[in-house]
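If you want the building blocks of each chain, they are given just below.
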Amino acid sequence: MEKLVITGKTPLKGEVIISGAKNAAVAIIPATLLINGVCTIDNLPNISDVKLYCDILKDLGSKVDWITDHKVVIDNTNITSSVAPLEVTRKFRASYYLIGALLGRCKEAQVGIPGGCNLGARPIDQHIKGFEALGAEVEVSQGNITAKANVLNGTTIYMDVVSVGATINIMLASVLAEGTTVIESAAKEPHIVDVANFLNTMGADIRGAGTDVIKVKGVKELKGNAEYSVVPDQIEAGTFMLAAVASKGDIIIKNCITKHLECVAAKITEIGGKIDANGDHLRVWCDKRTKKANIKTLPYPGFPTDLQPQIGVVLSLSKGTSIINESIWESRFQYTDELRKMGANITAQGKTAVFEGVDELYGAPVSATDLRAGAALIIAGIAANGTTEIYNLKHIDRGYENIEEKFRKLGAKIERVQEEE
Ligand code: EPZ
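Remember, predicted model here, so these are calculated numbers, not experimental data.

1. A closer look at the overall build of the protein chain
Helices and strands together make up the secondary structure of the protein chain, namely 14 helices and 23 strands. In terms of overall size, the protein chain behaves like a compact globule, its C-alpha atoms giving a radius of gyration of 21 Å where 421 residues would be expected to give roughly 22 Å. Projected onto its principal axes, the C-alpha positions of the protein chain cover 65 × 45 × 40 Å. Per-residue burial over the protein chain gives 56% buried out of 421 residues. Partitioning the intrachain contacts of the protein chain with sequence separation of at least 6 by distance along the chain shows that 73% fall at a separation of at least 24.

This is the structure:
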């Protein structure tokens, strides 16, 4: 069993380069299924979710050639199956994009129902509503979801909740449909814009991505024959920003889109941290104890749920009482149990957590309950007195490229250690 061992109380200093966005990559890879030809994708993060998705594509007939750790050439000229490997897709949340992509390409798809994960219930009713509105018949049974259509016809779809996954999935299913599809109350996250830009580069006609109305004019074919570079990871950049503040460090974050980070930057400034944005660089520093703040997670451009655990660490150490209201996921406070083991004073109930700021956190053995919880525990370990051991690293490795190496370059004392079972 692997664990991360962190010796804390190190102010981070230096530069870090942000990788391509995980949540854009896990949508763009299945989106290639809509291309009747070859495409090249660059700036992919080197993480296990991306590798797994490329393996799923191979099962469907894709030719996948890795040119470097971050660049892949995918040839989807000969897709041989519309049935995804069911067991794998059941365990892998972002496999839901295979339904929209295969439905768009083959007019049929069978995928294992992406299982609930440890953030609480994760329904896909809005995805299904969108596919049905386009003319597909959708059946959910025996752990699988099957979608079929003779023809997909564009229409206007009013989303009942703002959903990243459903917005992207409906875009995927409608790119090759007859006529125009309008998605009302669409999500606006940077990776939605990135998937639309990718599809447009390959020959699609999508307008309005990044606003709450997206229009997809169906085209006959996506020819591909183009190269696309994935957007930098907003959440990875935000994670390092909050690590700089928690550790009272001073770092430069390179290769980020500062516009995507304005909401996090505003919160950091509110609590006493300092930010200087300069082109695609961001300097973040903090030289005094931070102050309390209240936060409510919201869809973009609001404060991202995927940075909630990381700012929770900062508020655990801030002066005064802070409140976080988590409005997206019902179980995203599991990390607070782990932080309490390190001396944090947090009371979490339902979707609200109250943080009574403490002067210090202390190293302890803790477990990453999910991806962002894992990132938060690394930040806590770097800011804490003493030694922290973090277990259950598979969650962290799913979504962060070389995380311990990036933190080590910033001066953190962090090692991956093999422990006998
Ligand atoms: C995406 O999940 C991200 N995952 C999540 O990232 C992120 O937390 C989330 O968006 C919110 O930003 C990927 O992009 C792969 P949603 P997604 O559909 O698309 C409800 C991470 O750590 N809902 O926007 O699954 C849902 O219950 C993760 O990287 C429905 O009710 O999220 C939630 O309350 C974890 N019905 C809200 O909408 C639906 O059909 C937003 O979910 C779909 C969603």
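2. A few points about the site of the ligand
As a structural note, the neighbourhood of the ligand is formed by 25 residues, with Ser163, Val164, Asp306, Ile328 and Arg372 the closest of them. Asp306 is positioned with one of its side-chain polar atoms (N or O) 2.6 Å from an oxygen atom of the ligand. Relative to its unbound accessible surface of 830 Å², the ligand loses 88% to contact with the protein. Considering only residue class, the shell around the ligand consists of 12 nonpolar, 7 polar and 6 charged. In terms of domain composition, the shell around the ligand takes at least three residues from each of domain 1 (2-19 + 232-418) and domain 2 (22-229).

3. Side note on the domain arrangement of the protein chain
According to the domain assignment, the protein chain contains domain 1 (2-19 + 232-418) and domain 2 (22-229). Of note, the centres of domain 1 and domain 2, computed from C-alpha atoms alone, are 30 Å apart. Across the domain 1/domain 2 interface, buried area totals approximately 1700 Å², and carbon plus sulfur atoms make up 50% of it. The interface formed by domain 1 and domain 2 holds 1 salt bridge in total. Residues Asp49 and Arg398 are paired through a salt bridge, measuring 3.3 Å at the closest nitrogen-oxygen approach.

4. What about unusual backbone geometry?
Each neighbour pair has its own omega, and for Tyr300 with Pro301 the value is 10°, a cis peptide bond. In this structure, Pro301 sits in the loop between strand E17 (294-296) and helix H10 (308-316). With a phi angle near 70°, Lys9 is a residue other than glycine that sits in the positive phi range. Relative to the helices and strands, Lys9 resides in the loop between strand E1 (2-7) and strand E2 (13-17). In this structure, Lys248 is a non-glycine residue whose phi angle is positive, near 55°. Structurally, Lys248 is set in the loop between helix H8 (234-246) and strand E14 (250-254).

5. So, the environment of Ile183
Counting through the fold element by element, Ile183 comes out in strand E10 (residues 180-184). Judged by its relative accessible area of 0%, Ile183 falls in the buried class. Each C-alpha atom, one on Ile183 and one on Ser318, is 41 Å from the other, the two residues being 135 residues apart in sequence. Residues contacting Ile183, with those up to four places away along its chain left out, are Ile157, Met159, Thr167, Ile170, Met171, Asp212, Val213 and Ile214.

6. Details of the pairing of strand E19 (residues 345-349)
Looking at chain direction, E19 and strand E20 (residues 352-356) are connected through 5 bridges and run antiparallel. Counted as the bridge partner of Thr347 is Val354 from E20.

7. So, empty space enclosed by the protein
A full pass over the atoms with the stated rule returns 3 cavities of 30 Å³ or more. Taken as a whole, the largest cavity holds about 90 Å³ of empty space. What lines the largest cavity is a set of 13 residues, among which Ala21, His191, Asp233, Gln234 and Ile235 lie closest to the centre. At 3 residues, the largest contribution of residues to the lining of the largest cavity is made by helix H1 (residues 22-31). Split by domain, the residues of the lining of the largest cavity number at least three in each of domain 1 (2-19 + 232-418) and domain 2 (22-229).

8. Some details on the sheet that holds strand E4 (residues 63-66)
On the basis of which strands lie adjacent, the open sheet formed by 4 strands has the order E4-E5-E3-E13 and mixed pairing. Only two strands of the sheet have a single neighbouring strand rather than two, namely E4 and strand E13 (226-229). The mean inter-strand angle of the sheet, taken between neighbouring strand axes irrespective of direction, is 20°. Inspection of the sheet shows strand E3 (residues 38-42) paired to strand E5 (residues 72-75) by 4 bridges, in the antiparallel sense. Bridge pairing links Ile41 to Val72 in E5.

What counts, and where the lines are drawn
- Sequence positions are assigned chain by chain, starting from 1 and proceeding in written order.
- The predicted nature of this model means local features are confined to residues of pLDDT at least 70 and side-chain atom pairs, given and counted, to a pLDDT of 80 or more, with totals for whole chains, interfaces and linings taken over all residues.
- Side-chain metrics in this entry use all non-hydrogen atoms of the structure; hydrogen atoms and water are not considered.
- What counts as a helix is a DSSP run of H or I of at least four residues, what counts as a strand is a run of E of at least two, and both are numbered from the N terminus.
- Only the C-alpha atoms count toward the radius of gyration. The rule for a globule is 2.2 Å times the residue count to the power 0.38.
- Burial classes follow relative accessibility: with a 1.4 Å probe on protein chains only, a residue under 20% of its type's maximum area counts as buried, one over 50% as exposed, and anything between as partly exposed.
- Note on contacts: a residue pair qualifies if any of its non-hydrogen atoms lie within 4.5 Å across the two residues.
- We define proximity as follows: a residue is near a molecule or strand when any one of its heavy atoms falls within 4 Å of that partner.
- Identification of polar contacts relies on pairs of N or O atoms within 3.5 Å, with a donor-acceptor requirement for protein atoms, meaning one able to donate a hydrogen and the other able to accept it, and with residues adjacent in sequence counted only if both atoms are side-chain atoms.
- Shrake-Rupley sampling with a 1.4 Å probe provides the accessible areas, and residues are treated as covered by the protein chains on show and by no other component.
- Ten residue types, Ala, Val, Leu, Ile, Met, Phe, Trp, Tyr, Cys and Pro, are classed as nonpolar, four, Asp, Glu, Lys and Arg, as charged, and the remainder, Gly among them, as polar.
- Each domain span listed reflects an automatic or database assignment of domains.
- Here's the idea: put two parts together, see how much 1.4 Å probe accessible area each one loses, and the total over both is what we call buried area.
- Should a side-chain nitrogen of Lys or Arg be within 4 Å of a carboxyl oxygen of Asp or Glu, the pair is scored as a salt bridge.
- Two strands form a pair only when DSSP identifies at least two bridges running between them.
- Cavities and pockets are defined on a 1 Å grid built over the protein atoms alone: a cavity is a set of grid points where a 1.4 Å probe fits but cannot escape, while a pocket is an open set with protein on both sides within 12 Å along at least five of seven lines, and lining residues are those with an atom within 4 Å of any such point.
- Grid points are joined across faces, edges and corners, and a volume is the space filled by probe spheres set on the points.
- Convention adopted: a line fitted to C-alpha atoms gives each axis, helices being fitted over their contacting stretch, and angles between N-to-C directions are expressed from 0 to 180 degrees.

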